[in-house]
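Descriptive analysis of the structure
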Amino acid sequence: MSSLSTESTPRERLDRAISVLGRVRMYWRGAAAMIAVGLSISLALALATKRVWRSEATILYRDTIQTGRDPQSSTARAARLGPKLKDTLTARGTLAGVIEAFGLYPEKTARSMVEAVEEIKNHVGFRAQSSDTYVISFTHDDPHVAQQVAARLTQVLVDDYRRDSLGAATMTRDFLRRELAEASAKVDEASRALATFLARNPQFQWGLNDSPYAPAPQPLGPPGAPAPAAARIAPASPARPVDPQLAALERQLARVEALLGVARSPAAAPGQPLPQSVVEAQRARDAAAAAVAAAEAALAEKLTTVTPIHPDAITAKRRAEAARSQLAAAESALGLVRAGLTEVPRDEARALTPARRAALEAERGALLRQIGGLRARGGGGVRAAGSEARRAAGGEGGRAAGGEGGRAAGGEGGRATAGGDQGAEERIIELETEWHRLRLDLERAREYLKTVQANERAADLSADAAENKSETELDILDPAYLPSRPDRGRGRVFFAGAAVTFFFALGMAGTRVLLNDTLYDGGDIHALGGPSLLAEMPELPACPPLRERPIVPAYGAEAAGAPAYGAEVASETPYDAEAASAPAHGAEPGGAPAYGAGPASALVDPDAAPPDLALEETLPDDLDLDDADVLPEASWSAPAASLACVGARHAAYAGSAAFGEPEVEILGADVDPEGYGVFELLRGAPAPALAALRVLRHRLDQRRGGEPLAVAVVSPGRAEGKTALAVRLAMTLAEAERARVLLVEGHLARPRVAALLGLRLPAHAGFSEQLWRRMAGQVRPLGVIAVSPSLSVLAEPSLEASYPAALHSVHFEAALRTLRRHYDYVVIDGPPVLGSGDANVIEDASDGVLLVARASLTRASSLTRAAEQLGERRILGVVLNDVSPRPVARKRIAAEEQAA
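Presented here is an overview of the structure given in this document. If you're wondering where the values come from, they're calculated on a predicted model, not measured in any experiment.

Here the focus is the overall build of the protein. Across its full length, the protein carries 28 helices and 16 strands. In the protein, buried positions account for 42% of the 900 residues. Across the protein, every contact between residues at least 6 apart in sequence was considered, and the portion connecting residues at least 24 apart equals 81%. For the protein, the accessible surface area stands at approximately 47,100 Å², while carbon and sulfur atoms represent 55% of it.

Right, dumping it as structure tokens:
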């Protein structure tokens, strides 16, 4: 089938599409029949159809009070609510109640209510008109019933939705109220457990750092300086009274540690005033720390560009050291201010000796032991601090003694308190774990209570709104109306059926066009992708067959056994080809007709006239035959002139002939004094047909290139016009005597060339007869019939060849080689390709093959198979014959031609 991908431009593709669509007209009879049948069926259905009335009601979903925390969008609400409402509407119980209320479908109800419900479902409609409106419809053959049922269905749907909404809201509210009561009870229980724990352990408090065992924040100080005692010992619970002795000991401990810090600070000067408050001291320390950081950064940057011994690097290093000294002095001052001093003591600012340092450290250890003992006596919860003080005092006492006595005292103190420390740590761990658990339980209970309270509040609002019909409800926007026009009447059924019929008929016609692989124009040939298209022959008008004419034989003595040509022509009696050829079948060479005996086939001297015809009396006075090889076309109307022409043609002799006989001889000529002879086939041909033939001649001239060319004209099947094309092609090639052309009958199984030209040939002039004689051993020149000065014919005298099998002999190819030497073109009217191997024999004996396809008859598959059978070696191209402006079906014409 044709394709649109073979053209290049959009315009060509559009033209091609229009051309293919125009083929639908070929199937107008079938389309008209289908349309008639479809219209009849539509009319019958319309007459048998009852009128159906449709009534519709519109309901609106509206929101009034937004009680939800995350309201849904209109799209999500429609996607959720639409299916729910439809399921509610089409529920079996709802529809069954409507059927019973209105007495619908009594016949089906009598059988089964299930059948009635299924029937009413086909007439109930539900659709979402927008995100918030829905349409309920019902169809019935009574408009009043349709209105009443639609109104009833709408009211039932609205009532069911309100009832379901109220029930769901009330159930949710009750559930959340019970859950709220349980959450409140859990909060009360957690609060009671925490209050009980705080009553039993008063050292714990509620708030930030409420645990008495939480680590206290460490104050800033110089590197290596011991932390103040107040920072290491947890403060007592604010609920308990402060012991004055304990407070004095702690102040004395802070002073001792400050003196130890001042002693380690080389920048401390005696009598130097200190900052007025801890805040100022802290600011001074922070400024000194920033100066140290800046000095160290400057030193690092300088060392990236210079070496450490560079003066700039040495200066930066000194600045960093000075900043560190300032930082140490600021940290010492901060420690003294925290100890409650206002200036550096004069007697303690000097560098400490080892004895003085040992004494201060011993004093510090004794103070720690005293503070630990007081706190241990004050409560069991602070035993850890006392043990820590004892451990520190024991260790420091040992270091202050500088000998075995101090270490022994410290070791004994540590061993004495080891058992008490382990029990205190376990107790602290248990208290802290219980404290955190109780607090976590209380926090979780409170969070859950908040969530339940919010949900219960929303549920209360929803339930109240549902009870008051003020939250979300369905309202009837448009009540069911009484229909005034039928929804489905007879006219609508008929027009719908007619539309379907027309579309179906056109679709079937288009499908037949797409599935039809018949060739209609050149585009179909191009779409095959096989042999190229050489020419398109337009459809020629029908013309009557040519008048049958006998052949005027060449003058000269006839053979003894051959029929007398002159007598036959003079009497104008039809030549009996069967009688002439009957004795030759199966005869031996000695008993065959004396066609090859004697010099009868040799040309007679042109100057001598035959004994039975007076050449001087028949030729025109002004005709000169001395140097003429052929006669003008105007002189081909008299028998005498044709004889003169025949006698004037030079014989073609074979170079290796045994007896000097020619290879080809002219047996006779076609003389038509009443017309134009065989050229009557070209008279009146339209200009496009002549143009196509001349284009084809031009292509063959290019292929020939000055050398003889044997062209076979074949077709995939029968009745495709190959014989007519071969005859017209031969006449076009011989036009104006531009080339010597011989038309050869190659379809020996069904010869048609002589009948088409209107020639009555003698039996011995048949091509198969001559080939048979050569097969029998009689070597004679090939005899041809001259139909014009430049065109000759070698055909069969009847519609059946004498020896069809001669086509497969070696003499056939030898004869074509001989003819190719004496003619410029040898046009062979070949047989059909498919169904036999005769076309392959013709292909081997010819130089090129023309495939003839008939428009509106030849199928693309047949042309493709024919090209595959012949091969691409000698196929010149395809000639599309009988191309019609409008594609028509030629099945009837082809059947008639095949029958003929």
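After that view, the rundown keeps rolling.
This paragraph deals with the pattern of salt bridges. Counted under the stated rule, the structure contains 26 salt bridges. Between Glu 548 and Arg 760 there is a salt bridge whose closest N-O contact spans 3.5 Å. Within this pair, whereas Glu 548 is found in the loop between strand S5 (533-538) and strand S6 (549-553), its partner Arg 760 is found in strand S11 (residues 759-760), the two being separated by 212 residues in sequence. Through salt bridges with shared partners, a single network forms among Arg 23, Asp 521 and Asp 524.

Another aspect to go through is a nonpolar patch on the surface. A contiguous nonpolar patch, built from Val 37, Ile 41 and Leu 45 and spanning about 280 Å² of accessible area, is present on the exposed surface. If you trace the backbone, Leu 45 turns up in helix H2 (residues 28-48).

Now for helix H6 (residues 113-121). Taken residue by residue, H6 has Ala 116, Val 117, Glu 119 and Ile 120 as its buried positions. Mapping the buried residues of H6 onto a view down its axis gives an arc of 160°, with all of them on the same face. In the core, the buried residues of H6 are packed alongside helix H4 (92-102), helix H5 (106-111), strand S2 (124-128) and strand S3 (133-140). Between the side-chain oxygen of the N-cap and the backbone nitrogen of Val 114 there are 3.2 Å, and the N-cap of H6 in question is Ser 112.

Glancing now at unusual backbone geometry. Negative phi is the rule for most residues except glycine; trans is the rule for most peptide bonds. Positive phi, normally seen in glycine, also occurs at Ala 719, with a value near 60°. When you line up the elements, Ala 719 lands in the loop between strand S9 (709-715) and helix H22 (722-733). Here Asp 882, not a glycine, exhibits a phi torsion of approximately 55°, which is positive. Residue position: Asp 882 is located in strand S16 (residues 875-883).

This part is about the side chain of Thr 501. Looking at the element boundaries, Thr 501 is found in helix H15 (residues 490-515). For Thr 501, a relative accessible area of 9% corresponds to the buried category. With sequence-adjacent residues up to four places away left out, Thr 501 is seen in contact with Met 34, Ile 35, Gly 38, Leu 39 and Ser 42.

Residues lying three or four places apart along an α-helix face the same way, a consequence of the helix completing one turn every 3.6 residues. Across its 12 residues, H22 extends 16 Å between first and last C-alpha, which sits within 8% of the 16 Å expected from 1.5 Å per residue. Of all 12 residues in H22, 11 are buried, a share of seventy percent or more. Inspection of H22 places Lys 722, Thr 723, Leu 725, Ala 726, Val 727, Arg 728, Leu 729, Ala 730, Met 731, Thr 732 and Leu 733 among the buried residues, and these make up the whole buried set.

Inspection of the secondary structure puts Glu 843 in helix H26 (residues 838-845). Judged by its relative accessible area of 4%, Glu 843 is buried. Those residues in contact with Glu 843 that sit more than four places away from it in its chain are Val 849, Leu 870, Arg 873 and Arg 874.

Here strand S10 (residues 741-745) lies mainly inside the structure; 5 of its 5 residues are buried. Neither face of S10 is open: one carries Val 741, Leu 743 and Glu 745, the other Leu 742 and Val 744, and all of them are buried. Taken together, the 4 bridges between S10 and strand S13 (residues 791-794) define a ladder with parallel strand orientation. Across the sheet, Leu 742 pairs through a bridge with Ser 792, a residue of S13. Two elements, S10 and strand S14 (residues 825-832), share 5 bridges in a ladder whose sense is parallel. Among the inter-strand pairings, Val 744 is bridged to a residue of S14, identified as Ile 828.

Let us look at the packing of aromatic side chains. All told, the structure shown has 6 aromatic pairs when counted by the stated rule. Ring centres of Tyr 61 and Tyr 161 lie 6.3 Å apart, and the angle between their planes is 75°; on these two criteria the pair is classed as edge-to-face. Here Tyr 61, found in strand S1 (residues 53-63), pairs with Tyr 161, found in helix H7 (residues 143-200); they are 100 residues apart in sequence, far enough to count as distant. As far as the burial class goes, Tyr 61 and Tyr 161 line up, both buried. Consider the rings of Phe 494 and Phe 495, whose centres lie 5.8 Å apart with planes at 65°: the pair is edge-to-face. Here Phe 495 falls in the exposed class, since its relative accessible area comes to 59%.

What counts as what
Residues numbered from 1 in each chain as written. Predicted model: local features only at pLDDT ≥ 70, side-chain atom pairs only at ≥ 80, totals over all residues. Heavy atoms only, no water. Helix = DSSP H or I, 4+ residues; strand = E, 2+ residues; numbered from the N terminus. Buried < 20%, exposed > 50% of the residue type's maximum accessible area, 1.4 Å probe, protein only. Contact = heavy atoms within 4.5 Å. Areas by Shrake-Rupley, 256 points an atom, 1.4 Å probe, with all protein chains shown as cover. Salt bridge = Lys/Arg side-chain N within 4 Å of Asp/Glu carboxyl O. Patch = residues over 30% accessible without salt bridge, like charges linked within 9 Å, V, L, I, M, F, W, Y side chains within 5 Å. Arc of directions from axis to C-beta. Polar contact = N/O pair within 3.5 Å; in protein donor to acceptor, adjacent residues only side chain to side chain. Expected span 1.5 Å × (residues − 1). Pairing = 2+ DSSP bridges. Phe/Tyr/Trp six-rings, centres within 6.5 Å; stacked < 30°, edge-to-face > 60°.

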